[in-house]
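Examining the three-dimensional arrangement
Now for the letters of each chain:
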Amino acid sequence: MRILVAHASRYGATEAIAERIAERLREAGHEAEARPVEEVGDTAGYGAFVIGSAVYFGKWLAEAARFVRRHRAELADGRPVWLFSTGPLETPETVAAEAEEGQDVLADAAPEEIPEFTEFLRARGHRVFFGALDPDALDLRDRLVRALPAGRPLLPEGDFRVWPDIDDWAAGIARELARA
Ligand SMILES: Cc1cc2nc3c(=O)[nH]c(=O)nc-3n(C[C@H](O)[C@H](O)[C@H](O)COP(=O)(O)O)c2cc1C
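Residues numbered from 1 in each chain as written. Predicted model: local features only at pLDDT ≥ 70, side-chain atom pairs only at ≥ 80, totals over all residues. Heavy atoms only, no water.

Here we take up the nonpolar core. It is characteristic of soluble globular proteins that their nonpolar side chains tend to be buried jointly. Residues I51, W60, F67, V68, L83, F117 and L121 are the most contacted members of the largest nonpolar core, which totals 23 residues. Excluding anything up to four places from it in sequence, L121 contacts V68, R72, L75, A76, V81 and L83. By size, the runner-up hydrophobic cluster in this structure holds 20 residues, among which are V5, I17, I21 and I166. (Core = buried A, V, L, I, M, F, W, Y, C linked by side-chain atoms within 4.5 Å. Buried < 20%, exposed > 50% of the residue type's maximum accessible area, 1.4 Å probe, protein only. Contact = heavy atoms within 4.5 Å.)

Scanning the model with the defined rule gives 15 salt bridges in all. Measuring nitrogen to oxygen at the nearest pair gives 2.8 Å for the salt bridge that ties E33 to R35. In this structure E33 comes out as buried when scored by relative accessible area, which is 19%. Between E112 and K59 there is a salt bridge, and its shortest N-O distance comes to 3.8 Å. (Salt bridge = Lys/Arg side-chain N within 4 Å of Asp/Glu carboxyl O.)

A few words on the site of the ligand. S9, R10, T14, V55 and Y56 are the nearest of the 21 residues found near the ligand. A distance of 3.2 Å separates an oxygen atom of the ligand from a polar backbone atom of G12. Within the backbone of A132, an N or O atom sits 2.7 Å from an oxygen atom of the ligand. Here the ligand loses 90% of its free accessible area of 650 Å² to cover by the protein chains. If you list the elements that add at least two residues to the shell around the ligand, you get α1 (13-27), β3 (48-56), β7 (132-133) and α7 (140-147). If one sorts the elements of the shell around the ligand by residue count, β3 sits on top with three residues. By residue class, the composition of the shell around the ligand is twelve nonpolar, seven polar and two charged. (Near = heavy atom within 4 Å. Polar contact = N/O pair within 3.5 Å; in protein donor to acceptor, adjacent residues only side chain to side chain. Areas by Shrake-Rupley, 256 points an atom, 1.4 Å probe, with all protein chains shown as cover. Helix = DSSP H or I, 4+ residues; strand = E, 2+ residues; numbered from the N terminus. Nonpolar A, V, L, I, M, F, W, Y, C, P; charged D, E, K, R; others polar.)

With that settled, consider the UniProt feature "domain: Flavodoxin-like" (unreviewed entry) in the protein. Following the UniProt record, the feature "domain: Flavodoxin-like" (unreviewed entry) maps to residues 3-145 here. For residues 3-145, the helix share is 38%, the strand share is 25%, and the end-to-end C-alpha distance is 36 Å. (UniProt positions renumbered as here; feature names shortened; annotations may be inferred.)

In structure tokens, the structure reads:
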């Protein structure tokens, strides 16, 4: 089955996750390609979709939300769809500490479009992955946000992506598609 992993990424962290998911799906015997949402034309040739975006200010990037809305009829026609979001800049240790205080960092980080998109696409799942931030790569606007007193503690430098979690999620999709 040909699978499209469509993604929106401002600085490349989400793009690398999408590439990894596509690679794992290929290893599992599927035909899979990762493409930026802007480069996706016709969706007719695909049997399943994985769609992901980086999260900024609690939302998917505009081009990702536009992609879903523009293609909503085709994406909701019964072919399997999974969604993912890349965002929180935290280590598993800080997440565990916050969990002890009753906070679910990954659930809280789900961007605002997800309930709506999950419902109308009848998505089989949505997963939040930890992100990455390289201060030297940020554009001026994002640098200014990070320089605000509230910005820096929320936006620490580092690569927090947990590749085994991404691999496991992709393996689960491959298994589900193999059963279909
Ligand atoms: C200005 C700014 C705002 C951000 N807002 C959020 C947010 O609201 N929620 C979140 O989980 N992550 C947020 N992040 C973290 C990014 O989602 C994270 O760095 C992600 O890995 C970026 O992916 P990309 O390189 O594919 O664009 C923000 C980062 C920046 C620089």
